[in-house]
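Residue strings, one per chain:
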Amino acid sequence: MTQHSTFEDALFRLKSLAELANLNHEVIEALLHPKQMMEVSLPLRMDDGSKKYYSAYRCRYNNYLGPTKGGVRFHPNVNEDEVKALALWMTIKCAVVGLPFGGAKGGITVNPKELSPMELERLSRAYMRGFADFIGPHLDIPAPDVYTNSRIMGWMMAEYESIHRTHAPDVITGKPIELGGSLGRDDATGRGAYLCTLELIKKMGWTLTDIKVAVQGFGNGGYHVARLLQQAGCKIVAVSDSQGAVYSESGFDIESLWQEKQQSKQIKGVYCDDSVCGIIEHSTITNEQLLALDVDILIPAALEGVITKHNAKDIKAKAIVEIANGPILFEADDIINTKGIKVIPDVLANAGGVTVSYFEWIQNRSGQSWSLEKVQSQLKEKMTSAFDTVWTLAENDGLTLREAAYVNALKKISRVIEAQGTRQYFVSR
Ligand code: GLU
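In what follows, the accompanying structure is described. (Residues numbered from 1 in each chain as written. Predicted model: local features only at pLDDT ≥ 70, side-chain atom pairs only at ≥ 80, totals over all residues. Heavy atoms only, no water.)

### Concerning the site of the ligand
No. 1: What surrounds the ligand is a group of 14 residues, the closest being Lys69, Lys93, Pro144, Asp145 and Ser357.
No. 2: At a separation of 2.6 Å, an oxygen atom of the ligand approaches a polar side-chain atom of Lys93.
No. 3: One nitrogen or oxygen atom from the side chain of Asp145 is found 2.8 Å from a nitrogen atom belonging to the ligand.
No. 4: Every element with two or more residues in the shell around the ligand is listed here: strand 3 (68-75), helix 3 (80-96), strand 5 (140-144) and helix 13 (352-366).
No. 5: Residues of the shell around the ligand, tallied by class, amount to 4 nonpolar, 5 polar and 5 charged. (Near = heavy atom within 4 Å. Polar contact = N/O pair within 3.5 Å; in protein donor to acceptor, adjacent residues only side chain to side chain. Helix = DSSP H or I, 4+ residues; strand = E, 2+ residues; numbered from the N terminus. Nonpolar A, V, L, I, M, F, W, Y, C, P; charged D, E, K, R; others polar.)

### Thoughts on the packing of helix 14 (residues 372-397) against helix 15 (residues 401-419)
No. 1: At a minimum axis distance of 8 Å, the contact between helix 14 and helix 15 shows a crossing angle of 110°. When the axis of helix 14 is compared with that of helix 15, the two are roughly perpendicular. Relative to helix 15, helix 14 is oriented so that their crossing is right-handed. Residues Thr389, Val390, Trp391, Leu393 and Ala394 of helix 14 form the contact with helix 15, whose participating residues are Leu401, Ala404, Ala405, Val407 and Asn408.
No. 2: Residue composition of the contact of helix 14 with helix 15, grouped by class: 8 nonpolar, 2 polar and no charged. (Axes fitted to C-alpha atoms, helices over the stretch in contact; angles between N-to-C directions. Parallel < 35°, antiparallel > 145°, perpendicular 65-115°, else oblique. Left-handed = near helix turned anticlockwise from the far one by under 90°. Contact = heavy atoms within 4.5 Å.)

### Details of the packing of helix 6 (residues 188-204) against helix 7 (residues 220-231)
No. 1: Relative to each other, helix 6 and helix 7 sit at 45°, their axes nearing to 7 Å. In terms of axis orientation, helix 6 runs oblique to helix 7. At the point where helix 6 passes helix 7, the crossing takes the right-handed sense. Between helix 6, through Gly190, Arg191, Ala193, Tyr194 and Thr197, and helix 7, the contact on the second element is made entirely by Gly221, His224, Val225, Arg227, Leu228 and Leu229.
No. 2: Looking at the contact of helix 6 with helix 7 residue by residue, the class counts come to 5 nonpolar, 4 polar and 2 charged.

Now the structure itself:
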């Protein structure tokens, strides 16, 4: 059996869902072709005086709905194919929540944990130098993604400003507050997923305090959604990172687990018996076992492609909330759907991050600073209304939530493409 690449898998799903949306052939064709893909080799002077080269990418998938938007990922697995898939998902995501943005994504093939802080700063600035003509406040606006953070966004903004000799906080989002970042951006992805999960729980008629949750991946998104769900009364019975997973029938205190991870840099730190793990009975399991736990809600919050046609049959959760981008491969969709598992798809569940990025961009462009209350209430409005639209479409047309989200987004994008004229328009004149 041939193994499809991440981008191929994303295109198969797009084609099949575009047919469901009854899109014009020309519109489907337009969506299958990324607008621009750029690769740059970044030379980096290391602290020991040597020089290394890193491959860096930026894909502007399409700009039908506005300037392109999407994060920059620093990870050893970053490659052209992955960046294109992630840029395609950003395109759909921005349309699902109704943001005036097209989709983009970028990344560097690097393990940032192996760099010193000064090497990391030089590499971040080199990225912006490499793509300085490709990126811009009206063109393409980066943001944080896997293993990048607000400090890195601040360095990239400073580099862009020095190249263009201008003040341009609106060139990048997810910056430190002091440099024009928005309040509420740090937990926005987790909060958006939390808001969607609450809506799902309401629709399903479940009781918050009965819900058991497993979170695969304990980065920014995984931590915040787990923290908020725990505060709301759910039990977070399992959490993992790339090193392994911990399980506790009685549930973890997420804040202590997070503090522990910050100190030891891995959840493994809690395996010891003199810290937080000492006060709570727990066992260690693998990431694979975590995915197959008998919980109510499974939250994949790490990387793409963790649920495949091989392990989908083992999933026992009643619902999956995709905080990671692309955690379920298209090839596994049918198995998951046949099992009756409700999936809040990535293009909706993790859209809180880019939504608050949009708020940050508005603030930067208009010289405003919104209060945390304003950011959170606007985020709530956007997320719950997007969830409601998707849910209603799914109910009315007998679709899954993923199908409904794509149909809704693709129709919005297709209206723009059609307004520019398709074959039917030109040949009938
Ligand atoms: N990297 C995030 C995502 O995948 C945020 C993108 C943004 O804020 O532009 O949605």
